[in-house]
Each structure stands twice: as structure tokens, then as C-alpha cells.
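# Notes for the structure review
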Amino acid sequence: MPIPGNFLSPTTESIDPNTSGWSPKSNCGPLVKGVGGRNGDGCLVTKSLLAGEVQARTVSSYPVVAGAVYQVFADTAGAVPERIGIRWLNTAGTEISVTWSLTTAAASSSWHRVGVAGAAPVGTATAQVLLSSTETAGAVSHYWENVYLGLPIRTGGNLFGFGTESTEIDASGWAVEANATLSRQVPVVSWAVDNYLAGGHTLAITAVAAGNTAAVTVDRPGVTPGIEYTAHAYLQPPVSSAQAWIELRYYDGGGSQIAAQRSTLAAPGTGMYRQTASLVAPPGATTCSAAAGIVGASAGQVLRLETVVIAVAPSLQSGTVVPYADGSMEQGIAGWTVSSGVATLARSTPWGATALEGSYSLAVTSATATASMIRSARFPTPGGAGLNWRAQISARPTAGTWASVNIKIRWYDAANVDLGTSSGTTWTVPGAVGWYVMPTDAATPAGATQAAIELTATASAVNSVLNIDKALLWRVLPQTAVTAATDGGYITLTLRELPADQRISLYRETPDGIRTLVRGPAGLIDRQLITSDLMVLEDHEAPMNTPVRYRMQFYDAAGTYVSSRSSELVQVTLADINEAWLKDPGNPQRSIKIMVQSAPDWTRPIEQSAYAVKGRRNKVVLSGRRQGLEGDLSIWTRSDSERLALHLLLDSGNVLLWQAVPGMGVTDMYVSVGQITEARTGGTAQEPWRAWTLPLVEADMPVTTGVNGAAGRTWQDVIAEFETWADELATYATNEDLFLDRRTG
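Please read all numbers here as calculations on a predicted model, not as lab measurements.

## Details of the overall build of the chain
Regarding its fold elements, the chain presents seven helices and 52 strands. Structurally, the chain occupies a C-alpha span of about 105 × 80 × 60 Å along its principal axes. In the chain, which comprises 745 residues, the share counted as buried stands at 48%. Side chains of the chain give 50 positive and 62 negative charges; the mean places of these two sets differ by 5 Å.

Okay, structure coming up:
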């Protein structure tokens, strides 16, 4: 699958099906397509002519904007270390300079990542990718694939900009806090082929002397009190026994630290491990930072960091009131306690050994074959009495045997007075090792404003261990909800509690029983992989004044039908019979409601050839299939804003959807619009009304077109990437370009 945003063609990126995107530059023999790549099977093989540096480059030069930052990375393997560079060229194609990465710290015959980023120098017009390795002899091969050149790829929602999240540019986003020096290093790290956030460079925190060592980000982005944030990074400890940590810190308006949460890595080795700290921003917090270090480091020990992120904490389930720290146990046991019994609680160890979400879980150990009661902290349950709430955990037996787990909700009022528990649900724990979901439902009693999750786990053998992860408490809402947005001409569809890792097909069903697939960001939603328990869609192609319902069908990974569900009936209304909608299915933000002057007089062309046969009265006519409708739609725009909106809609030349009120003799139709005519309607020059003629040609429904959107991009990403609005205005031509992250140049 092509890397999103890559300037390079898929062939140049993946070296499939050939090496046509690459050319030898120096001391390099003819390029060869190798096998064994991961982004497609192909890879680029560079072979030295003589001992010394070997360079290859992209055949094409790619337009760039001087002063803007660009990133390049690739996966590589060989007998010697290597580096990658961005070659900056002027309008004449002359090299201005090269931004080189540091050389990899060691050689490796396994695929590993190299990368670098930098600003295009003054006078730059285009750029090329350079691949370099210094071979020790002639006829030595080096291997490259999965090559990217483009704008920096950063984590969506990260409060940090690219320069702090990554050290591909430099290490200026960090400062020494204690007993350390800072540098950049390129260790040999084999990242997943589609982990585009990982670059080549890492931040290296080196202990100057024995003792605690630490570094902290210089960047202090703003936060909102009451919001839970997480800080995470990949940590590479010098030895598995090192106490490496990451810390999330909050500061008040004067810059004084007022809260912090540290999360220590339980490393299973010396690889790269993602460690997370989470904490709700306290009252008075205005900014935050991330810090990292080692407790009791030896002199010369190095802690490396990659992909540093502070973001709003992820929701383990849509609507859950359990904080991330208590639901995922990434930094400890949070607010969980043993209310009665012999059980002990601890965070699982080491990293990644036993976890359903994240890298750790809560380990419940019972020394005897008895029951123990385990309780979470209290969490707010707003909404009042009588509402249905669901508590749920995922449990995994990892040692000994367990007879059962009873899960309840314990209620409290605003003064923390215990109001008792729900009746609860008892679950039998199978003997097989695996994760088992255990929910229970209960209605909020009168006066309750808080609740805790309470478990009674009964061990049936000594020294039994039960791991618990993904603890959730949420108000149960309809699994499927539909709302008509008449002013916008669309229906909002909300799907909750979707089954993870299954696939979904989503249909719109009209009263005549016809089902049509609904469009999503990746095109029509047909056996699409479910990646979240919550899906919110806007259906801009629902017919006007017609009741519809939505049907979901679920399939397992093998494509076998599993289950289905349906929504209630819903209808979007178009009240004025003189109006119609013109919509771009892929860009619904451009949709416009227009006034119709007259509907088309339709024609249906057909390809025919007539032959006069000697001796026959009638000609022989050979016909193709009669084509779709064609005709001129006459409409008015009533204001300058409508006129500009119609121009924007028509500018792309995309297939549009025309929707009129039922009963007008016109069904919903996908159309291509030919050469348009915009005329004045008479009167004074200031008259805003315009008369338009739109030549329409009936078209098929576009099936691969996805709905454009921000794709998780928020205003926080804009703030993190641009220091001033002037920088943003120089990058985006329109607000729509900002929304869709379409940059000039």
C-alpha cells in the first residue's frame, strides 16, 4: 500500500514492478530489482563498482517550496552502515546542497530504518532522494525499499510539533535536566514497514556520571484543566535492568511545575518499547512537557527516545468514564485496591508479556484458593437516576485456576456515601489461557453520582494469577442512532459498540426494498475493517422526503457472515419543490441547495449505423446500447455567496449528485456537468441573481470515491505545526485546504 502523502510514485517507493524510478549517481553499477522486500516483494539493489561510497538517486526531481521542511526515509539492509539524504536543486537542476542523515551506528543485513528531515534552502525548486553506502570492495550489494519523500509525517493530535516528536531535524526540542548530554544517534531498529511515524534518528540521553539522568522537552504546549492527557515515547534502555522512565508534567501560568506522573519501563530487553504516562490536567494547569531519564544510571549509559507524543488520552470505549490510567494500567495499578481477601495487586511485568490494551495489565494474585474482592476508584456517573450503565473488564487466567469472577457496580452519592452495589453478574473463568470479556449492567439508583467497578474473583488453586485489562464503565446508549440534518441535506448515522476486528457492510434501505451501500472515507463501506467501537457517518446521498433505514452486516476475518442490525426509519426533508440539491459525493462540504428554473428536456443518444442494401426497401440499422440521459438544467443563484459556492462545486469537474423532491418526475441522478453558462437576469449591475445553464450527462455512481475529511486532524495539529497565522496563511490557499491539509506547492 503506498505511503500516504508520498511525492514518489508507488513504483519508485516500493521498487515494484521495476527500478525505473531510480538511477545510479556515483560508483554504482546498473541498478537491479531484488526480492524479499516488505512494501511489495521488490527492493532496489545498488552494487559498488569500486571500494568507496556508492550513491543512487531518484530519476525525477520533485517540486518543493524553499523554507518548508521535508522528510525522507527508507528501509535498508547491507554489509556496511548507510545514510540517506535530500538533494536540493535550483530551477536549472543544479545542486544547491544535500541534507544528509547521520550514518547508521552499525551494519545490519535485516531491514532497518534510515531517515532525515530538513528545510529546503533559499533558491530550492525541486528535490531528489539520495541513497548512500560506503562499501569496502567492488561488486558489493546494498538493499533499499519503502522510500518516502514528502512533508513530515507526525502523530495526529500530538501537542508537540514534528521537531519535538521526532529528532529527524535536530535535538533542539530537548534540554538537559540532570547529569546528561544530548545528541542524535541512528541505531539499527527494525520498525514495522507501515510504521511511518518512526524515522532513523533517535534522541540519545547519555549519563555523564553515575546517578540519575534526565532530559525534558523545551516545548511546553497548552493544556486544558480537567482533561486527561497521555505522554508516550519509544524508549530503548541501555540494559534491561535499567530503570528508564517517561514523565508527563503540568505547569501553571507562571511556569511552575504543579503536577507530574512518571511511568517506568519494565523492559524485557534492550529493544524499543513504547511506554505511556497519563494524568488529568489539574486546576491551574496551562502548559505541559515530557521528560525522560534513567534512575541510577551508570556513567556512559545511553537512553534513546523515538516518537515522543503528548495527546488527549485515548478512549478505551466510547463514553467510558474510567480514566486511561485505571482502564489500561500502563503506569501502575492506579486506583485499584483489595477490599477483602488475600489477593495482591501489581502491574504485569515485563512490558508486553500480558496485555490486551497497551503493554501492561493488572495482575491479581491469590496465594490461597479463596475469594477476594477488588475495587476500582470512584468515577462520575452523570445523568441522574434510572439510566443504564455497563461495567466491563477483560480477564485472562495466567497461573493456577479460577472458579469465577463476579462483577458489580458499587454506587456512591456526591458526599462519597456508599449506596450499595448492583446485583452483578457471575462469570465462569475457562481453564484455557485467553482473554474473556465480562460485562454487567445496572440502573443508577436515586442519589448516585459516582460508581466503582467491583470484582469478586474466586481462585480454585493456590498461587493463581488473573490478569485484568481494559476496565470500562459507560452509560449504555442505543447501538444505532439516526438523525436527519434537513438544513444540510444529510442524515447522521451513529454506530456504537461495534465488534472490534470484524468487518462491516453498511446499506441504506428505501421503502421499495432496494439496498445501496453507504459511502465512507475509503469509498463505499463494503466489508470494511472495524477499527473503533464507535463510527459516526454523514450520509449525504440519502434521498429527499423518503423514509430510509440503515442495515449493518458483520463478517469475521475469514469473510463469514456473523450478525446484523438495523436502524429506525429516518427522513431528510426538502420542503420547497422549486429547490434541488447539487452535491459532490467526495466533498460534501461543497454541497449547495439551488433554485430550479426548469428541469432538462432529456435526450438519450445512441450509436447507430444505417446501410442501404440494394434490392431492399428498408435500411439495415446496426445499433449500440442506448446511452443515459442528457439535457440542460436551468437554475438560479440568489446571492454572491451562492454563486461562489456553485463555482467551487463545479470547479473540480467531479461526478455530482442531483437530488430533487420526489414527484417532480426526476429521480436522484449522478451527473457529469459540461460547459456551463452563467448569465445575468437583467436589472441593475448590482443585481445578485444569476441564471445558469448546466449541461448534464447521466453518470454511474462513483464507487471508489471516499468522503474527504480531516482524518483525525484537529486545530491542535494546526497549532503544533504553525507558530503564527501568517505561517498558516502562506501554506493554505483556502479554509477548505486547511481542513483537508492540502498545502500550496
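Back to the write-up after that little detour.
## Remarks on the sheet that holds strand β31 (residues 436-443)
To summarise the sheet geometry, strands pair through backbone hydrogen bonds and adopt either a parallel or an antiparallel arrangement. The sheet built from five strands is open, its strands ordered β23-β24-β33-β27-β31 with antiparallel pairing. Two strands lie at the open edges of the sheet, namely β23 (344-347) and β31, each paired on one side alone. Strand-to-strand twist of the sheet, defined as the mean angle between neighbouring strand axes without regard to direction, takes the value 30°. Note that strand β27 (residues 388-399) and β31 share eight bridges and pair antiparallel.

## Let's talk about the state of the cysteines
The full count for this structure, using the stated rule, is zero disulfides. Not engaged in a disulfide, the cysteine C43 finds its nearest cysteine sulfur in C28; these two sulfurs lie 13 Å apart.

## With respect to the nonpolar core
Y250, L305 and I310 are the most contacted members of the largest nonpolar core, which has 36 residues in total. Of all the secondary structure elements, the ones that give two or more residues to this core are β14 (202-207), β16 (228-236), β17 (243-251), β19 (273-280), β20 (287-297) and β21 (302-312). No other element matches β20, which puts five residues into this core. Non-local contacts of L305, meaning those with residues more than four positions away in its chain, are made with W174, T202, L203, I205, Y234, L235 and A292. Ranked by size, the runner-up nonpolar core spans 32 residues in total, among them I374, A448, A457 and A471.

## Considerations on the pattern of salt bridges
Oppositely charged side chains can form a pair if their charged atoms are brought close together. The final tally for this structure, using the stated rule, is 24 salt bridges. Across the salt bridge formed by R643 and E678, the nearest N and O atoms sit 4.0 Å from each other. Taken together, the residues R643 in helix α4 (residues 640-651) and E678 in strand β51 (residues 677-680) connect sequence positions 35 residues apart. The network of salt bridges with common partners includes R38, D75, R113 and E145.

## Notes on unusual backbone geometry
Of note, the bond from D16 into P17 is cis; its omega dihedral lies within 30 degrees of zero at 10°. By secondary structure assignment, the location of P17 is in the loop between α1 (10-14) and β1 (22-26). T349 connects to P350 through a cis peptide bond whose omega is 0°. Take P350: it is sitting in the loop between β23 and β24 (362-366). If you check the backbone angles, M329 has positive phi at about 60° while not being a glycine. With respect to the helices and strands, M329 occurs in the loop between α3 (324-328) and β22 (337-340). Exposure remark for M329: the relative accessible area of 0% places this residue in the buried category.

## Structural notes on a nonpolar patch on the surface
Among the surface-exposed residues, Y611, V613 and L622 lie close enough to one another that they form a single nonpolar patch of about 280 Å² accessible area. Structurally, the position occupied by Y611 is in strand β46 (residues 608-611).

## Focus: the packing of aromatic side chains
Taken as a whole and judged by the stated rule, the model has 10 aromatic pairs. Measuring from centroid to centroid gives 5.1 Å for F73 and Y148, while their planes differ by 15°, and the two rings are stacked. Highlighted residues: F73 in strand β6 (residues 69-77) and Y148 in strand β11 (residues 141-150), separated in sequence by 75 residues. For the pair formed by F73 and Y148, the shared burial category is buried. The rings of F7, Y70 and W88 are connected pair by pair, giving a single aromatic cluster. Note that R83 overlies the ring of W100, its terminal NZ or CZ placed 3.7 Å from the centroid. Stacked on the ring of W245, the Lys or Arg R262 has its end atom at 3.6 Å from the ring centre.

## Brief notes about α4
Between its first and last C-alpha, α4 extends 16 Å over 12 residues, near the 16 Å set by a 1.5 Å rise per residue. Inspection of α4 places E642, R643, L646, L649 and L650 among the buried residues, and these make up the whole buried set. One side of α4 carries all its buried residues, which in axial view fall inside an arc of 125°. Facing away from the buried side of α4 by more than 90 degrees, the exposed set consists of S641, L644 and D651.

## Looking at the sheet that holds β20
On the basis of which strands lie adjacent, the open sheet formed by five strands has the order β12-β15-β20-β17-β18 and antiparallel pairing. Two strands lie at the open edges of the sheet, namely β12 (174-178) and β18 (257-264), each paired on one side alone. Across this sheet, the average inter-strand angle for adjacent strands is 25°, counted without regard to direction. Across five bridges, the pairing between strand β15 (residues 211-217) and β20 is antiparallel. When the sheet's bridge partners are listed, G211 is paired in β20 with A297.

## Details of the side chain of E306
Tracing the backbone through its elements, the reader meets E306 in strand β21. Buried and unpaired, E306 has no salt bridge, with R113 as the nearest side chain of opposite charge at 7.8 Å. Engagement of the side chain of E306 in a polar contact is seen with the side chain of T307, the distance being 2.9 Å. Ignoring sequence-local partners within four residues, the contact set of E306 consists of W191, L197, A198, G199, H201, T202, A233, Y234 and M272.

Criteria and cut-off values
- Residues numbered from 1 in each chain as written.
- Predicted model: local features only at pLDDT ≥ 70, side-chain atom pairs only at ≥ 80, totals over all residues.
- Heavy atoms only, no water.
- Helix = DSSP H or I, 4+ residues; strand = E, 2+ residues; numbered from the N terminus.
- Buried < 20%, exposed > 50% of the residue type's maximum accessible area, 1.4 Å probe, protein only.
- Lys, Arg positive; Asp, Glu negative; His and termini not counted.
- Charge placed at Lys NZ, Arg CZ, Asp CG, Glu CD.
- Pairing = 2+ DSSP bridges.
- Axes fitted to C-alpha atoms, helices over the stretch in contact; angles between N-to-C directions.
- Disulfide = S-S within 2.5 Å.
- Core = buried A, V, L, I, M, F, W, Y, C linked by side-chain atoms within 4.5 Å.
- Contact = heavy atoms within 4.5 Å.
- Salt bridge = Lys/Arg side-chain N within 4 Å of Asp/Glu carboxyl O.
- Patch = residues over 30% accessible without salt bridge, like charges linked within 9 Å, V, L, I, M, F, W, Y side chains within 5 Å.
- Areas by Shrake-Rupley, 256 points an atom, 1.4 Å probe, with all protein chains shown as cover.
- Phe/Tyr/Trp six-rings, centres within 6.5 Å; stacked < 30°, edge-to-face > 60°.
- Lys NZ or Arg CZ within 6 Å of the ring centre and 35° of its normal.
- Expected span 1.5 Å × (residues − 1).
- Arc of directions from axis to C-beta.
- Polar contact = N/O pair within 3.5 Å; in protein donor to acceptor, adjacent residues only side chain to side chain.

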